Amino acid sequence: MIGESFIITGLLIIAAASLYRAKRKKWAAATLPLAVLPTVNALVGFTAGAVLKVNLNFVTEMCIIMGALIVSCTWIGFLTATLLNRRKARLPYMIGSIAFNVILAAIFIHHYYVLLEIRG
């Protein structure tokens, strides 16, 4: 899942850059919290697997994913309260963003659980 996480992060950064170039700076900033979870997953997976050559246990991986999820959702809530002015845009942005993060975290958890069963 490290490669997929890098791809998701790259796509979200490209989306934020495109919004920034289109003079939608607030929406570009609102896109960045979505990149927290895949970035953390990719960096932890790459650092633990390729650099340190260790296998993290399931609980450690879940704590890292849940911590990134909490940071991302808190950042989304903060941006919703401070950055987005239109009331009509707040609720769909918040629901969609948090749903994206929760679904992505569930996918990562499922992946690590399957790896746990394979490892023994």
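Attention in this report is confined to the structure presented alongside it. Since the model is a prediction, treat every value here as computed from it, not as a measurement.

### Re a nonpolar patch on the surface
A cluster of nonpolar side chains, I2, F6, L43, F46, V51, L52 and V54, forms an exposed patch at the surface whose accessible area comes to about 620 Å². No other element matches the 3 residues that helix 3 (residues 36–51) contributes to the nonpolar patch. Residue L52 is classed as exposed on the basis of its relative accessible area of 54%.

### Comments concerning the state of the cysteines
A full pass over the atoms with the stated rule returns 0 disulfides. A disulfide-free cysteine, C63 has its sulfur positioned 16 Å from the sulfur of C73, the nearest such atom.

### Digging into the side chain of T31
Among the secondary structure elements, T31 is positioned in helix 2 (residues 25–31). In contact with T31, other than residues within four places in its own chain, are L12, A15, A16 and L19.

### With respect to the nonpolar core
Listed in full, the 10 residues of the largest apolar core are V36, L37, M62, I65, A68, L69, L104, A105, F108 and Y112. Counting only elements with at least two residues in this core, the list comes to helix 3, helix 4 (58–82) and helix 5 (87–119). Not counting residues within four places of it along the chain, the set of residues in contact with Y112 comprises N41, F58, E61, M62 and I65. Membership of the second largest hydrophobic core comes to 9 residues, among which are L12, A30, I76 and L83.

### Focus: the packing of aromatic side chains
Applying the stated rule across the entire model yields 2 aromatic pairs. Aromatic pair W27 and Y93: ring centres 5.8 Å apart, planes at 80°, arrangement edge-to-face. Of this pair, W27 sits in helix 2 while Y93 sits in helix 5, placing them 66 residues apart in sequence. Look at W27 and you get partly exposed, because its relative accessible area is 32%. Each ring, one from F58 and one from Y113, has its centre 6.0 Å from the other, and the planes form 65°; the classification is edge-to-face. Of this pair, F58 sits in helix 4 while Y113 sits in helix 5, placing them 55 residues apart in sequence. Here F58 falls in the partly exposed class, since its relative accessible area comes to 23%. A relative accessible area of 42% means that Y113 is categorised as partly exposed.

The rules behind each value
- Along each chain, numbering runs from 1 in the same order as the chain's sequence is written.
- Owing to the predicted nature of the model, reporting of local features is limited to residues with pLDDT of at least 70; listing and counting of side-chain atom pairs is limited to 80 or more, with chain, interface and lining totals taken over all residues.
- Think of the side-chain values as coming from all heavy atoms in the structure, minus any hydrogens and water.
- Exposure above 30% relative accessible area and the lack of any salt bridge qualify a residue for a patch; like charges then connect within 9 Å, and the nonpolar side chains Val, Leu, Ile, Met, Phe, Trp and Tyr within 5 Å.
- Using a 1.4 Å probe, accessible areas were evaluated by the Shrake-Rupley method; residue-level cover was limited to the displayed protein chains.
- Salt bridges, as used here, are contacts in which a Lys or Arg side-chain nitrogen is within 4 Å of a carboxyl oxygen on Asp or Glu.
- Every helix listed is a DSSP run of H or I at least four residues long, and every strand listed is a run of E at least two residues long, numbered separately from the N terminus.
- We call a residue buried when its accessible area falls under 20% of the maximum for its residue type, exposed when it is over 50%, and partly exposed in between, using a 1.4 Å probe and counting protein chains only.
- Any two cysteine sulfur atoms lying within 2.5 Å of each other are counted as a disulfide.
- Only heavy atoms enter the contact rule, under which two residues are in contact if any of them lie within 4.5 Å.
- Think of a nonpolar core as a cluster: buried Ala, Val, Leu, Ile, Met, Phe, Trp, Tyr and Cys residues, connected wherever their side-chain atoms sit within 4.5 Å.
- Centres within 6.5 Å make a pair out of two Phe, Tyr or Trp rings, where for Trp the six-membered ring is used; the pair is then stacked when the planes are under 30 degrees apart, edge-to-face when over 60, and tilted otherwise.

So yeah, pure geometry; function would need other evidence.
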